[in-house]
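Per-entry structural report
This is what each chain is made of:
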Amino acid sequence: MRAPFLIETEHLTKRFGDIVAVENVSLHIERGEVLALLGPNGAGKTTTIRLLLGLLQPTEGTARVLGYDMRRRSQAEKARARVGVLTETPGLYDTLTALENLRFFANLYAIPKADAAIETYLRVVELWDRRDERVGTFSKGMRQRLALARALLHEPDILFLDEPTSGLDPAATRRIRELLLDLKAQGRTTLLTTHNLDEAERLADRIAVVRTRLLVIDTPKALRLRLYGRRVRIALATPSPHALDVVRTLPFVRHALLADDKTLLVQVESPDVHNPSLIEALVQAGARIRWVEEDRVSLEDVYLQLVGEPEEATA
Amino acid sequence: MRWHYVRTLFIKEWQELARQRMIWMAMLVPLLITLVIPIITVRAIGAEEALDQDTIRLVQRLAIVFPELTTLDPQLQVAVVMLRMFGAMFLLIPVVGALNIATYAIVGEKRNRTLEPVLATPLRPQELLAGKSIGAVAIPMLMTWLGYTLYVFVTVFVLDARLRPYLLDTVSLLMVFVLAPFVALFGLGGGMIVSTRVNDVRAAQQIGGFVVLPVVGLFVGQALGWLIFDTWLVLLMTAGVFLLDVVLLGINVALFDPERILTRWA
């Protein structure tokens with residue numbers, strides 16, 4: 001029987017003494033879905049992955065991966081055989097060659113046609129020509145690509161990618177992202193942790209913002225709408241001191257502010273319906289309008305509103 | 001225990017260790033010293049005219065183990081005393097080798113953060129411990145046995161065949177083939193415990209040096225004539241080291257818990 005969700009957590013909690021690393025996190029990830037776990041340092045992202053791998057025991061709650069209860073060692077072992085992991089640091093053996101590193105992991109995963117799998121993935125990450133070189137001589141980007149090959153070697157059903165582009169230069173980041181986009185196109189179920197909002201938005205179907213607790217989970221588009229509604233940017237030809245007061249009196253305006261003395265940012269319930277009345281009111285108040293456009297709220301705005309404010313405000 | 005995993009780990013450990021010159025040097029230097037000693041000893045003693053008082057005392061004590069010793073000519077008596085004394089070096093190679101390999105294996109994994117990807121595979125912690133332990137003990141033990149074989153060959157077949165009963169006797173064989181593996185396990189256990197607490201190989205080896213001290217003590221004890229190895233003493237030492245190994249194994253099994261590895265190893 002196929003599990004309806006490949007990854008499920010219910011009220012997952014992990015405490016280390018008095019420190020709460022993960023609190024009451026409930027997540028459900030479907031087959032083929034890419035979920036980005038977004039949060040600041042110490043938000044519990046890596047701990048969540050370790051709990052999902054069965055490497056840490058939850059203090060409370062449950063974690064199931066591929067239907068296996070990850071609290072039970074024998075079941076966690078079976079699940080790990082079908083999960084690929086890219087840890088926060090590549091964790092490769094410097095004195096071994098790329099080939100030796102992958103052969104070691106191929107044996108640990110008991111891959112039947114190991115040599116063929118190793119060649120395939122070394123070619124995918126463009127390291128086949130460097131296969132006999134020691135990993136200690138590799139650049140950060142090459143190590144990360146090799147670690148990604150290691151994570152894919154046994155054709156896992158699920159991928160856990162812990163900050164895959166952290167610390168890489170722009171070129172290496174782009175190369176890794178291209179590889180991750182290929183994986184997304186293949187429909188691999190993936191849990192990705194990242195600080196990088198752009199990366200999360202490009203790669204993920206849904207984003208879960210965490211800060212110990214799960215603050216919000218939704219699609220990138222829905223997150224923007226949910227937190228900001230739709231915002232209109234109005235450029236004025238000359239500064240208009242009364243424009244903001246006028247706008248704030250309108251019943252359909254949820255929020256308004258001056259970005260600078262000639263730019264108004266107005267959050268309305270429905271720009272399609274309310275923009276004409278908004279513009280009319282401003283013109284009647286003597287404002288001279290240069291242009292009006294719907295403002296695109298960045299995911300960064302959403303993220304900073306969620307994690308940049310006191311927890312009580314975002315709960 | 002699934003031996004496929006243990007073997008995989010052992011092969012990886014071997015591949016890594018084969019490229020670590022310092023570890024090989026730490027085992028090869030005492031081995032070479034031990035091989036050179038019989039040549040120098042037996043050749044030099046041939047020129048001696050009379051035994052000094054200390055040597056006479058040692059010969060008298062050794063005669064308890066080998067009553068026929070006193071029937072040999074004085075030069076050979078001295079050679080036997082010296083060779084028996086340096087035989088303790090075959091306990092030094094396993095303890096130093098296992099300590100060095102264990103500290104390198106653990107600290108290296110910690111420094112490069114290589115354990116988490118390994119733990120994320122279906123491998124069990126006890127298989128990880130077994131793979132590392134076998135690698136750390138097997139290599140110095142092979143060196144020890146190879147060294148002992150060469151030692152006996154050089155002494156008996158090249159230098160003087162009359163020395164044979166004193167190097168291939170029960171005590172020597174028990175020391176090299178029974179006590180030495182337990183001594184290696186002692187070095188391994190001590191090295192692993194220390195390595196979980198520090199992040200530098202040299203620091204781990206320096207702190208772990210305490211496990212070498214009892215073996216050095218045996219060497220010094222013999223040199224001063226306080227200790228003469230006989231069958232019972234070797235068996236008693238084997239039992240004592242075995243008990244210590246069991247205690248160290250228990251500690252290491254507890255330390256090799258994935259949660260502890262990921263969160264508490266320094």
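To start, this report covers the structure provided alongside it. All figures in this text were calculated on a predicted structure; none of them were measured in a lab.

Helices and strands together make up the secondary structure of chain A, namely 12 helices and 14 strands. Expressed along its principal axes, the backbone C-alpha trace of chain A runs to roughly 75 × 45 × 40 Å. Counting every position in chain A, which comprises 315 residues, the buried fraction comes to 54%. For chain A, contacts bridging at least 24 residues in sequence account for 66% of all contacts bridging at least 6. Only carbon and sulfur atoms are counted for the fraction: they give 48% of the accessible area of chain A, which is about 14200 Å². Side-chain charges in chain A split into 44 positive and 44 negative, and the spacing between the mean points of these groups amounts to 3 Å.

Across the contact, 29 residues belong to chain B and 31 residues belong to chain A. Run the count over chain B and chain A and you get six salt bridges. Counting the contacts that link chain B with chain A gives 13 residue pairs in polar contact (both at pLDDT 80 or more). For the side of chain B that touches chain A, the secondary structure elements donating two or more residues are α1 (3–17), α5 (89–112), α6 (115–119) and α13 (258–263) of chain B. Per-element tally for the side of chain B that touches chain A: the top contributor is α1(B), with seven residues.

Our focus in this paragraph is the packing of helix α7 (residues 125–159) of chain B against helix α9 (residues 170–195) of chain B. Residues and elements named next belong to chain B. Interaxial distance between α7 and α9 falls to 10 Å at its minimum, and their mutual angle equals 145 degrees. At the point where α7 passes α9, the crossing takes the right-handed sense. Touching Leu129, Lys132, Ser133, Ala136, Val137, Met141, Trp145 and Tyr148 of α7 are Ser172, Leu173, Val176, Phe177, Ala180, Pro181, Ala184, Leu185, Leu188 and Met192, all from α9. Looking at the contact of α7 with α9 residue by residue, the class counts come to 15 nonpolar, two polar and one charged.

For the rest of this paragraph, the subject is the environment of A:Glu88. Residues and elements named next belong to chain A. Position of glutamate 88 among the secondary structure elements: in the loop between β6 (83–86) and α3 (98–108). With 56 residues separating them along the chain, glutamate 88 and glutamine 144 place their C-alpha atoms 9.7 Å apart. Excluding residues that lie within four positions of it along the chain, glutamate 88 makes contacts with Thr46, Asp162 and Glu163. Separated by 3.4 Å, the side chains of glutamate 88 and threonine 46 make a polar contact.

Rules of the game
Residues numbered from 1 in each chain as written. Chains lettered and ligands numbered in written order. Predicted model: local features only at pLDDT ≥ 70, side-chain atom pairs only at ≥ 80, totals over all residues. Heavy atoms only, no water. Helix = DSSP H or I, 4+ residues; strand = E, 2+ residues; numbered from the N terminus. Buried < 20%, exposed > 50% of the residue type's maximum accessible area, 1.4 Å probe, protein only. Contact = heavy atoms within 4.5 Å. Areas by Shrake-Rupley, 256 points an atom, 1.4 Å probe, with all protein chains shown as cover. Lys, Arg positive; Asp, Glu negative; His and termini not counted. Charge placed at Lys NZ, Arg CZ, Asp CG, Glu CD. Salt bridge = Lys/Arg side-chain N within 4 Å of Asp/Glu carboxyl O. Polar contact = N/O pair within 3.5 Å; in protein donor to acceptor, adjacent residues only side chain to side chain. Axes fitted to C-alpha atoms, helices over the stretch in contact; angles between N-to-C directions. Left-handed = near helix turned anticlockwise from the far one by under 90°. Nonpolar A, V, L, I, M, F, W, Y, C, P; charged D, E, K, R; others polar.

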